[in-house]
Amino acid sequence: MYQIEEPTYFYYLAIIPVIIVLFLLAFWWKKRTQKRFTDSLLLEKLAPNTSTFKSVLKMIFLIIGIGFLVISLVNPKMGTKLKTVKREGVDVVFALDVSKSMLTEDIAPNRLEKAKQIISKIIDKLGSDRVGIIIYAGNSYPLLPITTDHAAAKMFLQNASPDMVSSQGTAINEALNLAKTYYNNDEQTNRFLIILSDGEDHQEDTKQVAQNMSKEGIKVYTIGVGTEKGGPIPMKISGSLIGYKKYKGETVISKRKPEMLETIANAAGGKYIDGNKTEKPVDFIEKLIANAQKSEFETKQFSDYKDQFQWFIGLGIFFLLIDVFFLDKKTKWVKKIDLFNEH
């Protein structure tokens, strides 16, 4: 098995055809100039040891040397051994509320972006823990299955928006039930569900659903974003404000309702956290997960690649040295070959 670390350096191989063209032009010019001043018989007497074959050979050595040096820049790697990697961690699933009320700008830049910031910073604090993301409004959807790829989790997170759900509302029960399907490791002892929402319009029987989560060993923590004073829900097209959401002619004021979020967290053996200051929930969750018992959830083997560039540097220098010390004059073995009718 092999791996190429810097394939862009292969472009440097373009210098080889340039060298060949320059050599052929120089060879043609040299022969043409010689014919202008003398004939071939006289030239043979004046310079009997000049060898076209050795000139060609020197060029070949130069090209080979440059080729090996370019390959060394590419740094090919060879798989020489296998390593066993054991991962230990906990499973963390984020349930992000993407209902229209999360666009309220009572905290900067808005509730949804604040929630994304919190999730992103929590992911940065995780070690080898697995993460998954669910979005919900009137329905719930799996945004990202549980994974150890934290970079992918942050990338998918940035795309979360109210436009990704087909109906509005706050179907928290659907999100809770969907979260149960994320925890696919029966040996995992610590499973966390972190809900980020403004607490508006949650369903009445959510407390019972949260209690059932606790019985299955899933600890639920809620993070509230937004102010209790609230603000209007902006309506935008292509990023431009066109007005605010209205109901019966009156502008709707969306307010954070922490009571429901506290009820959900308490019913599931977790805790409610104020998310208006990013550092508070991030620090809390970081300490929570750091102190949790870790379970081994993944063991895999992969090939450990070793750098091989040093061999190609050595070969490149070797051929370049041959080119430098290789003379253009004929030798006995060249005279025997006589590829270019030099006699």
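For the structure, check the block above.
Think of each chain on its own: its residues are numbered from 1, step by step along the sequence as written. In keeping with the model being predicted, local features are shown solely for residues with a pLDDT of at least 70 and side-chain atom pairs are shown and tallied solely at 80 or more, while totals for entire chains, interfaces and linings include all residues. Side-chain descriptors were evaluated using all non-hydrogen atoms of the structure, hydrogens and water having been removed beforehand.

K.L.:
Help me understand the packing of aromatic side chains in this model?
P.N.:
Each Phe, Tyr or Trp ring (for Trp, its six-membered ring) is paired with any other whose centre lies within 6.5 Å, and the angle between the two planes then decides the class: stacked below 30 degrees, edge-to-face above 60, tilted in between. Scanning the entire structure with this criterion turns up eight aromatic pairs. A ring pair is formed by Phe68 and Phe312, whose centres lie 6.1 Å apart and whose planes are at 35°; its orientation type is tilted. Of this pair, Phe68 sits in helix α3 (residues 52-74) while Phe312 sits in helix α10 (residues 309-325); the two residues are 244 residues apart in sequence, bridging distant segments of the chain. Ring geometry for Tyr221 and Phe284: centres 5.9 Å apart, planes at 55°, overall tilted. With Tyr221 in strand β7 (residues 218-224) and Phe284 in helix α9 (residues 279-290), the pair connects residues that are 63 residues apart, well separated along the chain. Accessibility expressed as a relative area gives 7% for Tyr221, which makes it buried. Note on exposure labels: buried denotes an accessible area under 20% of the residue type's maximum, exposed denotes more than 50%, and partly exposed covers the range between, all computed with a 1.4 Å probe on protein chains only. In this structure Phe284 comes out as partly exposed when scored by relative accessible area, which is 25%. Numbering of helices and strands runs from the N terminus; a helix is a DSSP stretch of H or I covering at least four residues, while a strand is a stretch of E covering at least two.

K.L.:
Is there a simple way to explain unusual backbone geometry in this structure?
P.N.:
What you tend to see is this: most non-glycine residues have negative phi, and most peptide bonds are trans. The step from Ala108 to Pro109 runs through a cis peptide bond, and the omega angle for that step is -10°. Following the sequence through the fold, Pro109 ends up in the loop between β3 (91-97) and α4 (111-125). Of note in this structure, Asn75 is not a glycine but carries a positive phi near 55°. Position of Asn75 among the secondary structure elements: in the loop between α3 and β2 (76-89). Looking at Asn75, the relative accessible area reads 6%, which means it is buried. Phi is positive for Lys248, close to 55°, though the residue is something other than glycine. Of note, Lys248 is situated in the loop between β11 (246-247) and β12 (250-251). Overall, Lys248 belongs to the exposed group, its relative accessible area being 72%.

K.L.:
Would you mind going over the layout of surface pockets with me for this structure?
P.N.:
Gaps between atoms show up when a probe of the same size as a water molecule is rolled over them. Two kinds of site are reported from a 1 Å grid over the protein atoms alone, namely cavities, where a 1.4 Å probe fits but cannot get out, and pockets, open sets with protein on both sides within 12 Å along at least five of seven lines, and residues are called lining when an atom falls within 4 Å of a point. Grid points are joined across faces, edges and corners, and a volume is the space filled by probe spheres set on the points. Its boundaries defined by the atoms lining it, the second largest pocket holds a volume of some 310 Å³. Every residue lining the second largest pocket is counted, 15 residues in all, and those nearest its centre are Lys100, Leu103, Pro162, Asp163 and Lys236. Those elements giving two or more residues to the lining of the second largest pocket turn out to be α4 and β9 (234-237). Three residue categories are used. Nonpolar comprises Ala, Val, Leu, Ile, Met, Phe, Trp, Tyr, Cys and Pro, charged comprises Asp, Glu, Lys and Arg, and polar comprises the others, including Gly. Residue composition of the lining of the second largest pocket, grouped by class: seven nonpolar, two polar and six charged.

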